[in-house]
Amino acid sequence: METLRKGGIILYPTDTIWGIGCDATNPDAVNKIFNLKQRHAAKSMIVLVADPRDINRYTSHPQPYITEYLEKATKPTTVIYEAALGLAANLVGEDGSIAIRIVKEDFCRHLIKRFRKPLVSTSANISGEDSPENFTGISDEIKQGVGYIVRYRQEEDQAFSASAIVRFNKSGEPDILRS
């Protein structure tokens, strides 16, 4: 928790793959992730929240049909919302959008609740490389580049995959960007 509070970055298991994370309201911390990943700042990253009510806190007008869609989703699903609020400006897309996922996995949800702020989540790899399926697939460069590595779930050898990503069009229909 201390690393996050001081604007540092962590390596942690999410409800999907291992992620590099930081305080999603701290633009300096977000820049540290862009630098570590060697990722262009125009490429967006996902924000994780612990409670569906947090969507109302970080977006200006979420549509009710999104909640209904998420209740039926069978895998972790990230939604691109319009009109982001209260998040680091360098996380928000040029069009004002933000990718947010409500986590249901206990560890990650409790981490966010204890921190009392949303977390950035981006795959634990250098930009352009394959996302690691578990902790053992994470490069030493990433491990050495973070301020703290969470010990939970490091021994798991099963393969995890990234979340689905969906954006809703003007008529309220989902456009699946990643399944």
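Quick note: structure is the one above.
All of the points below concern the structure found in this document. (Residues numbered from 1 in each chain as written. Predicted model: local features only at pLDDT ≥ 70, side-chain atom pairs only at ≥ 80, totals over all residues. Heavy atoms only, no water.)

**A short note on the overall build of the protein**
(1) Moving on: Broken down by element type, the protein carries 6 helices and 9 strands.
(2) Moving on: For the protein, the C-alpha radius of gyration of 15 Å lies close to 16 Å, the compact-globule estimate for 179 residues.
(3) Moving on: Expressed as a percentage of its 179 residues, the buried residues of the protein come to 47%.
(4) Moving on: For the protein, the accessible surface area stands at approximately 9400 Å², while carbon and sulfur atoms represent 47% of it. (Helix = DSSP H or I, 4+ residues; strand = E, 2+ residues; numbered from the N terminus. Rg over C-alpha atoms; globule rule 2.2 N^0.38 Å. Buried < 20%, exposed > 50% of the residue type's maximum accessible area, 1.4 Å probe, protein only. Areas by Shrake-Rupley, 256 points an atom, 1.4 Å probe, with all protein chains shown as cover.)

**What about the sheet that holds strand S8 (residues 164–168)?**
(1) Moving on: Taken together, the 9 strands give an open sheet; going across it, the order is S7-S1-S2-S6-S3-S5-S4-S8-S9, and neighbouring strands pair in mixed fashion. A strand with exactly one partner marks an edge of an open sheet, and here the two such strands are strand S7 (148–149) and strand S9 (174–178).
(2) Moving on: Relative to strand S5 (residues 98–102), strand S4 (residues 77–81) runs antiparallel, the two sharing 3 bridges. Within S5, the residue paired with isoleucine 80 across the bridge is alanine 99.
(3) Moving on: Packed on one face of the sheet, helix H4 (residues 64–72) meets S4, S5, S8 and S9 and runs near 170 degrees to S4.
(4) Moving on: Here helix H5 (residues 106–115) sits on the sheet and contacts strand S1 (10–13), strand S3 (46–49) and strand S6 (119–123); the angle it forms with S1, its principal contact strand, is near 140 degrees. (Pairing = 2+ DSSP bridges. Contact = heavy atoms within 4.5 Å. Axes fitted to C-alpha atoms, helices over the stretch in contact; angles between N-to-C directions.)

**As for the nonpolar core**
(1) Moving on: Counting 35 residues, the largest nonpolar core has Leu11, Ile20 and Leu91 as its most contacted members.
(2) Moving on: Contributions of two or more residues to this core are made by strand S2 (18–21), helix H2 (27–37), S3, helix H3 (54–58), H4, S4, S5 and S8.
(3) Moving on: Residues contacting leucine 91, with those up to four places away along its chain left out, are Ala24, Val30, Met45, Val47, Ile98 and Val120.
(4) Moving on: Within the second largest apolar cluster, 16 residues are counted, among which are Leu4, Leu48, Ile80 and Ile112. (Core = buried A, V, L, I, M, F, W, Y, C linked by side-chain atoms within 4.5 Å.)

**Description of the environment of threonine 16**
(1) Moving on: Note that threonine 16 resides in the loop between S1 and S2.
(2) Moving on: Apart from the residues within four sequence positions on either side, threonine 16 is in contact with Pro76, Arg101, Arg153, Phe160, Ser161, Ala162 and Ser163.
(3) Moving on: Polar side-chain contacts of threonine 16 include one of 3.4 Å to the side chain of arginine 101. (Polar contact = N/O pair within 3.5 Å; in protein donor to acceptor, adjacent residues only side chain to side chain.)

**A word on the environment of leucine 111**
(1) Moving on: You can see leucine 111 is positioned in helix H5.
(2) Moving on: Take leucine 111: its relative accessible area is 12%, and that puts it in the buried class.
(3) Moving on: C-alpha of leucine 111 to C-alpha of alanine 29: the two residues are 82 residues apart in sequence and 17 Å apart in space.
(4) Moving on: Filtering out sequence-adjacent residues up to four positions away, leucine 111 remains in contact with Met1, Ile10, Tyr12 and Leu119.

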